Amino acid sequence: MQTSIERNPIPGSESRISYVGVDGAAALYHGYLDYKLNENALEIHTMTALPHGSGLGSLLLYVAALEAVMNCLGRIEAFNVAATARGFYLGAGMHPSRASRENIQKMDLQRNEFDIKFHLARNAGTWDGMARHVKDNAFKSIESRWT
């Protein structure tokens, strides 16, 4: 297994946590998580973990949550959560953010544009959770799959 963390020391710059399996069956496992640290939260911009359901996403999220806790950040935010990943984020203790829901509700759409608003509410919103809670849940997921 080869795990690496590329930290960008400039505040607000993107960093990456990546995992690449090296030998045998482990070579099938690979993924990454791109994030930024802001003054209030760790922001997840992109995450890919393959194969799906392997627990690799939990490992990446755990390392990111650990980074948030070590930097005294109370929240983790995930942007544009894919429909297929909602259950994963719910299991990690995250939920659609209140600010995201309120922004979509304020949109001035015509009656025939309701489907756009509905799509945005389900797919384009930010999800968030308390960093320590996300860290603990991600660890429990790793522990239940890999031990």
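Above this text sits the structure in question.
Residues numbered from 1 in each chain as written. Predicted model: local features only at pLDDT ≥ 70, side-chain atom pairs only at ≥ 80, totals over all residues. Heavy atoms only, no water.

How two helices sit against one another is set out by the angle between their axes and by the gap between those axes. Relative orientation of the contacting elements helix H1 (residues 56–70) and helix H5 (residues 131–146) amounts to 145 degrees, with a least axis distance of 8 Å. For the crossing formed where H1 meets H5, the hand is left-handed. Here Leu56, Ser58, Leu59, Leu61, Tyr62, Ala65, Leu66, Ala68 and Val69 of H1 come into contact with H5, specifically with Ala131, Arg132, Val134, Lys135, Ala138, Phe139, Ser141, Ile142 and Trp146. Here the residues of the contact of H1 with H5 sort into 14 nonpolar, 2 polar and 2 charged. (Axes fitted to C-alpha atoms, helices over the stretch in contact; angles between N-to-C directions. Helix = DSSP H or I, 4+ residues; strand = E, 2+ residues; numbered from the N terminus. Left-handed = near helix turned anticlockwise from the far one by under 90°. Contact = heavy atoms within 4.5 Å. Nonpolar A, V, L, I, M, F, W, Y, C, P; charged D, E, K, R; others polar.)

This part covers the packing of aromatic side chains. Two aromatic rings, taken as a pair, are described by how far apart their centres are and by the angle between their planes. Enumeration over the complete set of coordinates arrives at 2 aromatic pairs. Ring geometry for Tyr62 against Phe139: centres 5.7 Å apart, planes inclined by 45 degrees, an arrangement best described as tilted. In this pair, Tyr62 is assigned in helix H1 and Phe139 in helix H5, connecting sequence segments 77 residues apart. Both rings, one in Phe88 and one in Tyr89, keep their centres 5.2 Å apart while their planes meet at 75 degrees; by these two values the pair is edge-to-face. Sitting over the ring of Tyr32, Arg16 keeps its end group 4.0 Å from the ring centre. (Phe/Tyr/Trp six-rings, centres within 6.5 Å; stacked < 30°, edge-to-face > 60°. Lys NZ or Arg CZ within 6 Å of the ring centre and 35° of its normal.)

Now for the pattern of salt bridges. For the coordinates displayed, the defined rule picks out 3 salt bridges. Here Asp128 and Arg75 are joined by a salt bridge, their closest N and O atoms 3.3 Å apart. Residue Asp128 is located in strand S7 (residues 127–130), and its partner Arg75 is located in strand S5 (residues 75–78); the two are separated by 53 residues in the primary sequence. Relative accessible area serves as the criterion here: at 10%, Asp128 is assigned to the buried category. (Salt bridge = Lys/Arg side-chain N within 4 Å of Asp/Glu carboxyl O. Buried < 20%, exposed > 50% of the residue type's maximum accessible area, 1.4 Å probe, protein only.)

Considering the arrangement of structural elements, one finds Ser58 in helix H1. Taking the relative accessible area as the measure of exposure, Ser58 reaches 6% and is therefore buried.

Read these as layout, nothing more, since geometry by itself doesn't imply function.
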